[in-house]
Amino acid sequence: EKWNSHNFQDGKFLMSVKSYLKFWLVHSILFLGVLKLQQNILSNLSVTCHYCFPGKIAIIGGCREYTGAPYFAAISALRVGADLSHVFCTKDAATVIKSYSPELIVHPILEESYSVRDDERESVSSSILAEVIKWMERFDCIVVGPGLGRDSFLMDCVGNIMRHARQANIPTVVDGDGLFLITNNIGLVEDNSLAILTPNVYEYKRLVQKVLNCEVNEENASEQLTALCQKIGGVTIMRKGKADLISDGKKVTQVSTFGSPRRCGGQGDILSGSVAVFSSWARHFLLSNEQPKETSVNPMVLGCIAGSLLLRKAAALAFEKNKRSTVTTDIIEFLGQSLEDICPAGR
Ligand SMILES: NC(=O)C1=CN([C@@H]2O[C@H](COP(=O)(O)OP(=O)(O)OC[C@H]3O[C@@H](n4cnc5c(N)ncnc54)[C@H](OP(=O)(O)O)[C@@H]3O)[C@@H](O)[C@H]2O)[C@@H](O)CC1
Ligand SMILES: Nc1ncnc2c1ncn2[C@@H]1O[C@H](COP(=O)(O)OP(=O)(O)OP(=O)(O)O)[C@@H](O)[C@H]1O
Ligand SMILES: [Mg+2]
């Protein structure tokens, strides 16, 4: 009942009852197929296997202005099941982020222009990269961008980190200011099938304008998303919004289960941290369990679907409890229960 009123309220849901039922029948069948595979992936997790299942995630983000975003992404990765969650941020942000949680491993290594002299830039940039490279091989996925800021020196350094991650075949979720970076340097993700972009409304608009050289077209949203994925080549994109549209350029999946009417900042960060974990699990599962060719799926797409479903469920539960005062931390508290509802942990 709640779901219906939420969707019908804004007058945008103009389908007849008949076409509405048909739409949901078809989508429910597709959805159940994907859900079954997701459950296989999740139920294959051994709860006793610490530090051996893929679950080491790194967030590249956090600067003077933004310390919440990298924390939300990193703690969400832990809450959905990652073994370890690292944050690579600027020196100013590190102590603040550490103080939010002892669970996170925080590396105060990034620098912004204001703290680096012009003649030091090259050597500082090299030592930042060298420090990240020491850790990179251990990560199953990195998330670039939550709370990164847009400082030009920082952007250059993070571009180098992304190039290295790509060479090392590390899946990379690009969110927030990471999307600002790649929109202006599309070569950083071009033809990278291990890259996931998670743009919100503004970030998607910038991406479409830059890559497709046109405006966002709501009437042909799926076709435009497919074209965008194909033009960049190989990447998976989750276009966030009232419904999340996910595509790798082959087909488009929509997640529109009921979430929360509350739009508190930080929900996208929960999503990027969760997607990093789920896509790593899906990749690991599919690499170690051969699937029949006809049912082959893209683990990056699966990761996005799982992340979106989980976040929406957690947001709905948090809103039920906290109503209009719901904030991002409340939603994080419900990640565990939502995961249990979708797929109870085995013994
Ligand atoms: N608690 C936290 O720490 C949270 C921190 N968060 C972090 O905040 C960062 C920005 O993400 P966001 O989602 O606010 O920016 P977004 O949708 O691109 O733009 C919205 C509008 O703002 C403007 N604008 C933005 N940045 C600007 C800049 N540096 N300088 C100038 N303008 C700027 C932008 O204008 P535009 O440049 O697009 O014309 C647009 O009109 C990102 O790192 C995110 O992870 C969030 O995750 C939430 C929780
Ligand atoms: N209008 C909406 N109605 C319902 N859910 C939404 C709506 N817009 C976004 N969402 C959900 O919230 C999640 C985060 O999307 P959002 O657009 O808020 O990201 P964001 O702007 O990057 O967030 P952040 O504040 O963390 O940067 C998405 O998965 C989506 O499911
Ligand atoms: Mg965001």
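This is a predicted model, so every value here is computed, not measured.

Caption draft 1: Representation of the site of ligand 2 within the structure. Surveying the vicinity of ligand 2 reveals 14 residues, the closest of which are Lys240, Asp244, Arg263, Gly266 and Gly268. Measuring from an oxygen atom of ligand 2, one finds a side-chain N or O atom of Asp244 at 2.8 Å. In the complex, the protein chains occlude 79% of the 620 Å² of accessible area that ligand 2 would expose alone. In terms of residue count, the dominant contributor to the shell around ligand 2 is helix 10 (residues 267-288) (four residues). A class-by-class count of the residues in the shell around ligand 2 yields two nonpolar, six polar and six charged.

Caption draft 2: A look at the pairing of strand 8 (residues 244-247). On strand 8, burial covers both faces: Asp244 and Ile246 on one face and Leu245 and Ser247 on the other are all buried. Sheet analysis places strand 7 (residues 236-239) next to strand 8, joined by three bridges and oriented antiparallel. Its bridge partner being in strand 8, Met238 is matched across the sheet by Ile246. Here strand 8 runs beside strand 9 (residues 252-255); their pairing, made up of four bridges, is antiparallel.

Caption draft 3: The site of ligand 1, seen in detail. Taken together, 17 residues surround ligand 1, and among them Gly147, Arg150, Asp177, Arg206 and Asp269 come closest. One of the side-chain nitrogen or oxygen atoms of Asn200 is found 3.1 Å away from an oxygen atom of ligand 1. With the chains in place, 58% of the 870 Å² that ligand 1 exposes on its own is no longer accessible. Going through the elements one at a time, helix 3 (68-80) and helix 8 (201-211) are the ones with two or more residues in the shell around ligand 1. Grouping the constituent residues of the shell around ligand 1 by class yields six nonpolar, six polar and five charged.

Caption draft 4: Representation of the nonpolar core. Core analysis: the biggest nonpolar cluster contains 51 residues, and Ile57, Leu104 and Ile331 have the highest contact counts within it. At twelve residues, helix 11 (residues 299-322) tops the list of elements feeding residues into this core. Sequence-distant contacts of Ile331, that is, excluding residues within four places in its chain, are made with Cys264, Gln267, Ile270, Leu311, Ala314, Ala315, Ala318 and Thr326. Counting 43 residues, the second-largest nonpolar core is a separate cluster that includes Ala58, Phe88, Leu188 and Tyr204.

Caption draft 5: The pattern of salt bridges, seen in detail. This model, assessed by the stated rule, comprises nine salt bridges. Among the ionic contacts, a cluster of salt bridges with common partners joins Arg117, Asp119 and Glu120.

Caption draft 6: View of the environment of Lys313. Within the element layout of this structure, Lys313 appears in helix 11. The spatial distance from the C-alpha of Lys313 to the C-alpha of Phe258 is 7.2 Å, given a sequence separation of 55 residues. Here Lys313 is in contact with Ser338, Asp341 and Ile342, once residues within four sequence places are set aside.

Caption draft 7: Geometry of the pairing of strand 3 (residues 105-110). Direction of pairing for strand 2 (residues 84-90) relative to strand 3: parallel, over a ladder of five bridges. Along strand 3, the bridge assignment pairs Cys89 with Pro108. Handedness of the crossover joining strand 2 and strand 3 through helix 4 (residues 91-100) is recorded here as right-handed.

Rules and cut-offs
- Residues numbered from 1 in each chain as written.
- Chains lettered and ligands numbered in written order.
- Predicted model: local features only at pLDDT ≥ 70, side-chain atom pairs only at ≥ 80, totals over all residues.
- Heavy atoms only, no water.
- Near = heavy atom within 4 Å.
- Polar contact = N/O pair within 3.5 Å; in protein donor to acceptor, adjacent residues only side chain to side chain.
- Areas by Shrake-Rupley, 256 points an atom, 1.4 Å probe, with all protein chains shown as cover.
- Helix = DSSP H or I, 4+ residues; strand = E, 2+ residues; numbered from the N terminus.
- Nonpolar A, V, L, I, M, F, W, Y, C, P; charged D, E, K, R; others polar.
- Buried < 20%, exposed > 50% of the residue type's maximum accessible area, 1.4 Å probe, protein only.
- Pairing = 2+ DSSP bridges.
- Core = buried A, V, L, I, M, F, W, Y, C linked by side-chain atoms within 4.5 Å.
- Contact = heavy atoms within 4.5 Å.
- Salt bridge = Lys/Arg side-chain N within 4 Å of Asp/Glu carboxyl O.
- Right-handed = clockwise from strand over helix to strand, strands pointing away.

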